[in-house]
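Observations on the three-dimensional arrangement
Residues per chain are reported as follows:
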Amino acid sequence: MKFDSYITAACIVFSSFFLSGCKNELAITPTDNITADRAFENLADLQSGLIGVYAALDNGDITLSTKWSDENYYPRENNTNVGGAGYRWEIDPDTGDAAVNWASIYKLIYRINRMLAVIDHIPLNGTTEQLAKDQIKGELLAIRSHAHLQLLRSYAENYSENALGIPYLKS
């Protein structure tokens, strides 16, 4: 009987020790991710980020629009009818054509939003750097609006007040 109470007490002590955890171990900054405020600390970082934004621009929406609307492209005579369904605006979600374009444009918007979240807090030296930062911010805003327009053109029902649209992401 006495032995059982010792075992019970020892289990309670060890359980409370292991369940309490260590608060210092839980406050570790993740190493697999860089926050935007650490990624963009000066004007050179912003310029590199802008190059990354331009690198994410592709012609996927233009390619798909051409595939789906150009009467000279699809359907070709005597081919395997690849793209024929898209030409007829029968978009099949199983093909992945629509999802690839959707994801790549939102990835572009995500990159832009990360930069815009911190761009106003970047320290600058002089008017020249301020002008360069203003230009970068203007380019980011223009590319983001273009990306949203491309999504709207490709995926929205129609352009009217009560029609279904696309998610507009500013952050």
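Presented here is an overview of the structure given in this document. (Residues numbered from 1 in each chain as written. Predicted model: local features only at pLDDT ≥ 70, side-chain atom pairs only at ≥ 80, totals over all residues. Heavy atoms only, no water.)

When you go through the protein chain residue by residue, the secondary structure sums to 8 helices and 0 strands. Starting at the N terminus, the α and β elements of the protein chain follow one another as α-α-α-α-α-α-α-α. Split into buried and exposed, the 171 residues of the protein chain put 23% on the buried side. Considering only residue pairs separated by 6 or more positions, the protein chain has 64% of its internal contacts joining residues 24 or more positions apart. Summing over all exposed atoms, the protein chain offers an accessible surface of approximately 12500 Å²; the carbon and sulfur share of this is 57%. (Helix = DSSP H or I, 4+ residues; strand = E, 2+ residues; numbered from the N terminus. Buried < 20%, exposed > 50% of the residue type's maximum accessible area, 1.4 Å probe, protein only. Contact = heavy atoms within 4.5 Å. Areas by Shrake-Rupley, 256 points an atom, 1.4 Å probe, with all protein chains shown as cover.)

For R144, the location among the structural elements is in helix α8 (residues 126-155). Despite its burial, R144 pairs with no opposite charge, the nearest such side chain being D120 at 10 Å. Those residues in contact with R144 that lie beyond four places of it in its chain are I109, I112, N113, L116, Y168, L169 and K170. (Lys, Arg positive; Asp, Glu negative; His and termini not counted. Salt bridge = Lys/Arg side-chain N within 4 Å of Asp/Glu carboxyl O.)

As a rule of thumb, nonpolar side chains are buried together in soluble globular proteins. Counting residues in hydrophobic clusters, the biggest one holds 23 residues, and the most contacted among them are L46, I136 and L140. Among the secondary structure elements, those contributing two or more residues to this core are α4 (43-56), α7 (97-118) and α8. Tallying contributions element by element places α7 first for this core, with 8 residues. If we ignore the near neighbours within four places in the chain, the residues touching L140 are L50, V53, I112, M115, L116 and I119. (Core = buried A, V, L, I, M, F, W, Y, C linked by side-chain atoms within 4.5 Å.)

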